Amino acid sequence: MSVKGKTSSQKKNISLATIFSILFMGLGHILLGFQAKKMKSQSPKAAKKNALELYHILFFKGIIFIFIEIFALINFNSIAKAIYGLVTLGTVTGEKIMKNNDHSIFLMAEGLIIFLVVLVILAIYLYSVLDVYKINKRLATDQYFIDIDYSLKGVINDMFPYFVLSPVALMIIFFVFFPLLFSCLLAFTNYSMPYHMPPKNLVDWVGIQNFIDMFSLPNWKEAFVGVFTWNVIWAFIATFLNFFVGLLIALMLYDKDIKFTKGFRTIYILPYAIPQMINLLVWKNLLNGQFGPINLSLKAMGIIENSIPFLSDPMMAKVSVILVNLWIGAPYFMLLLTGILTSIPKNLYEAAEIDGASGLQKFRKITLPMVMFATAPLLVMTFSFNFNNFGAVYFLTGGGPDNVYPPGSGAGATDLLVTWIFELMNGMQKYHMAAVLSLLVFTIIAPFAIYNFTKTKSFKEGEY
């Protein structure tokens, strides 16, 4: 009997493999493995080796899949209990903190981890069924034994990248997806002080009520609109002011008529070389309204009579934050842009000079396009960074001055969304509203950054 002329019995065995794989992960591979071993004796001489290797591959795969399913079945009760805990967030509570009280947050974390594990197992199950189905089709044409790509060497070459990337993928699932999903879930609960703090109290699912409260209750709505508006203004100003001041300094130092450029660069880079937190704390003391050296010096010189409220007046505090951030951030762009300026071919400027271009025209037609080409992705990322620039605000003003927004919101005049979230979590312990804000920040920043980054010329030219 020739290989191409398989009997109906063989075809039936092959089709049963998919059904076996659906019923119990791995059985289909074992069945196909034995089928391949049986067909080895009927294969052409050149395909016998591949047929034997296929048997080993399928048997090995089948054993792994069977172990995974057995592991899932053995732990079925634990999995079901964890999923039940995630759905209910606990049922046992009491006035006193007891050992047997359900801790809603622990149950949520445990349930979410198990849920992710179940998703991974389901993905493996789906892969095993599709893999058996795919091998079925190839066995029907006998190409599996002839095509060297499906030999042991070919499979190893194909699977090697997946094998190497799998640990990283698992780490991303549990160290990136898990915190994101956990924050998302908190946004749909009432986890907050004083009545919903485990283990004394249980936490409940409340649906989208927190989002409704954020945009309907006056105290939350007014604070969110104010903080969000300032956050956007801050991110734009902090990004582009630092960029253009850094570019201006870099251009001046790039001028061949300027002497001692190395010395100037060293001086300008000092604010960036000092740790940002130390810079901010120093400026916080310098700008202090009562005993700050700047106010005391101005008073001693008779320039002012009353202290300037650098950090206690809402508008002055915002201006102070922007200027101090400029002091810290502009040197970074100066260094970066200096390197880019030196990489621009000088013959471009020489050709422009021959054509009679002015200095402004050379800047607009040569320098700025070349600089923007190299830094556009960085500007997008810098905007995203400044949108969540926690340290620039927290270490300088602590989010204050307060009493700008309605009581109970916890927001201050210079608070960004990220510092407001920090205050809600650590100061007021309103974890549910902090999670709502975190979700909103992610919803705003992620699409913005991805869209703008994909629109940059450097990204498009980097596609292949």
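Residues numbered from 1 in each chain as written. Predicted model: local features only at pLDDT ≥ 70, side-chain atom pairs only at ≥ 80, totals over all residues. Heavy atoms only, no water.

**Q** Where do I start with the overall build of the chain in this structure?
**A** Secondary structure summary: the chain contains 19 helices and zero strands in total. For the chain, buried positions account for 40% of its 464 residues. Of the contacts made within the chain by residues no fewer than 6 positions apart, 69% connect residues no fewer than 24 positions apart. Surface accessibility of the chain: about 26,400 Å² in total, with carbon and sulfur atoms responsible for 70%. (Helix = DSSP H or I, 4+ residues; strand = E, 2+ residues; numbered from the N terminus. Buried < 20%, exposed > 50% of the residue type's maximum accessible area, 1.4 Å probe, protein only. Contact = heavy atoms within 4.5 Å. Areas by Shrake-Rupley, 256 points an atom, 1.4 Å probe, with all protein chains shown as cover.)

**Q** Can you walk me through unusual backbone geometry in this structure?
**A** Of all residues except glycine, most have a negative phi; of all peptide bonds, most are trans. Residue methionine 193 is joined to proline 194 through a cis peptide bond whose omega torsion reads 0 degrees. On the secondary structure map, proline 194 appears in the loop between helix H7 (152-186) and helix H8 (209-216). A cis amide bond, omega 0 degrees, links glycine 400 with the succeeding residue proline 401. Assignment of secondary structure puts proline 401 in the loop between helix H16 (390-394) and helix H17 (417-427). For leucine 89, which is not glycine, the phi dihedral falls at a positive 60 degrees. Among the secondary structure elements, leucine 89 is positioned in the loop between helix H4 (76-88) and helix H5 (104-141). For leucine 89, a relative accessible area of 0% corresponds to the buried category. In the Ramachandran plot, glutamine 429 falls in the positive-phi region, its phi being about 55 degrees despite a non-glycine side chain. Along the chain, glutamine 429 turns up in the loop between H17 and helix H18 (431-455).

**Q** Would you take a moment to explain the packing of aromatic side chains for this structure?
**A** What characterises a pair of aromatic rings is the spacing of the ring centres plus the angle enclosed by the ring planes. Evaluated as defined, the whole model comprises 23 aromatic pairs. With a centroid separation of 5.6 Å and an interplanar angle of 80 degrees, the aromatic rings of tyrosine 394 and phenylalanine 395 are classed as edge-to-face. We classify phenylalanine 395 as partly exposed; its relative accessible area is 24%. Pairwise contacts between aromatic rings join Phe215, Phe224, Phe228, Phe236, Phe240, Phe383 and Phe387 into one cluster. (Phe/Tyr/Trp six-rings, centres within 6.5 Å; stacked < 30°, edge-to-face > 60°.)

**Q** Explain the pattern of salt bridges here, please?
**A** Pairs can form between side chains of opposite charge whenever their charged atoms are close. For the structure shown, the criterion picks out two salt bridges. Residue aspartate 131 is joined to lysine 61 by a salt bridge in which the shortest nitrogen-to-oxygen separation is 2.9 Å. Pair noted here: aspartate 131 is in helix H5 and lysine 61 is in helix H3 (residues 48-74), with a separation of 70 residues, a long-range link. By relative accessible area, which is 9% here, aspartate 131 ends up buried. (Salt bridge = Lys/Arg side-chain N within 4 Å of Asp/Glu carboxyl O.)

**Q** Is there a simple way to explain the nonpolar core in this structure?
**A** Soluble, globular proteins show a tendency: their nonpolar side chains are buried together. Within the largest apolar cluster, 56 residues are counted, with the highest numbers of intra-cluster contacts made by Phe182, Met214, Trp234, Leu417, Trp420 and Leu437. No other element matches the 10 residues that H18 contributes to this core. In contact with leucine 417, not counting residues within four places along its chain, are Phe224, Val227, Phe228, Asn231, Phe387, Leu437 and Val441. Core analysis: the second largest hydrophobic core is formed by 16 residues, Ile340, Ile366, Val371 and Leu379 among them. (Core = buried A, V, L, I, M, F, W, Y, C linked by side-chain atoms within 4.5 Å.)

**Q** Would you take a moment to explain the packing of helix H9 (residues 218-254) against helix H13 (residues 314-343) for this structure?
**A** The packing of two helices is summarised by the inter-axis angle and the distance between the axes. At a closest axis distance of 6 Å, the pairing of H9 and H13 adopts a crossing angle of 45 degrees. As far as their axial angle goes, H13 and H9 are oblique. You can see that H9 and H13 cross each other, and the crossing is right-handed. The class makeup of the residues in the contact of H9 with H13 is 21 nonpolar, seven polar and one charged. (Axes fitted to C-alpha atoms, helices over the stretch in contact; angles between N-to-C directions. Parallel < 35°, antiparallel > 145°, perpendicular 65-115°, else oblique. Left-handed = near helix turned anticlockwise from the far one by under 90°. Nonpolar A, V, L, I, M, F, W, Y, C, P; charged D, E, K, R; others polar.)

**Q** Sorry if this is basic, but what is going on with the environment of glycine 427 here?
**A** With respect to the helices, strands and loops of the structure, glycine 427 is situated in helix H17. As a C-alpha pair, glycine 427 and glycine 410 span 17 residues in sequence and 8.3 Å in three-dimensional space.

**Q** Explain the environment of tyrosine 133 here, please?
**A** Take tyrosine 133: it is sitting in helix H5. Residue tyrosine 133 is classed as partly exposed on the basis of its relative accessible area, which comes to 46%. The spatial distance from the C-alpha of tyrosine 133 to the C-alpha of alanine 17 is 8.1 Å, given a sequence separation of 116 residues.

**Q** What's the story with a nonpolar patch on the surface in this structure? I'm lost.
**A** A cluster of nonpolar side chains, contributed by Val168, Met171, Ile172, Phe175, Val176, Phe177, Leu180, Leu181 and Phe442, occupies part of the molecular surface with about 830 Å² of accessible area. By residue number, the principal contributor to the nonpolar patch is H7, which donates eight residues. (Patch = residues over 30% accessible without salt bridge, like charges linked within 9 Å, V, L, I, M, F, W, Y side chains within 5 Å.)

**Q** Sorry if this is basic, but what is going on with the packing of helix H10 (residues 261-273) against H13 here?
**A** Their axes nearest at 7 Å, the elements H10 and H13 cross at an angle of 130 degrees. Here H10 lies oblique to H13, going by the angle between them. H13 is crossed by H10, and the crossing has left-handed handedness. For the pair H10 and H13, the contacting residues are Arg265, Tyr268, Ile269, Pro271 and Tyr272 in the first and Trp327, Ile328, Pro331, Tyr332, Met334, Leu335 and Thr338 in the second. Looking at the contact of H10 with H13 residue by residue, the classes come out as 10 nonpolar, one polar and one charged.

**Q** How should the side chain of lysine 318 be read in this particular structure?
**A** Take lysine 318: it is sitting in helix H13. Excluding anything up to four places from it in sequence, lysine 318 contacts Trp230, Ala413 and Thr414.

**Q** Please explain H8 as it appears in this structure.
**A** An α-helix turns once per 3.6 residues; consequently, residues spaced three or four apart project the same way. Every buried residue of H8 is listed here: Asn210, Phe211, Asp213 and Met214. Each buried residue of H8 lies within a common arc of 160 degrees when the element is viewed along its axis, so the set occupies one face. (Arc of directions from axis to C-beta.)

**Q** What exactly am I supposed to notice about the environment of leucine 202 here?
**A** On the secondary structure map, leucine 202 appears in the loop between H7 and H8. The buried category is assigned to leucine 202, whose relative accessible area is 17%. The spacing of leucine 202 and histidine 103 is 99 residues in sequence and 7.0 Å in space, taken between C-alpha atoms.

**Q** Just checking my understanding: could you explain the confidence of the model for the chain for this structure?
**A** Predicted coordinates in areas of low pLDDT are best not read in detail. Mean pLDDT over the chain stands at 83; residues scoring 70 or higher make up 86%. Here helix H6 (residues 143-146) stands out as the least confident element of the chain, with mean pLDDT 52; H4 is the most confident, with 93. Segment residues 1-7: pLDDT under 50, and 13 contacts once partners within four positions in sequence are set aside and those in other chains are kept. (pLDDT = per-residue confidence, 0-100.)

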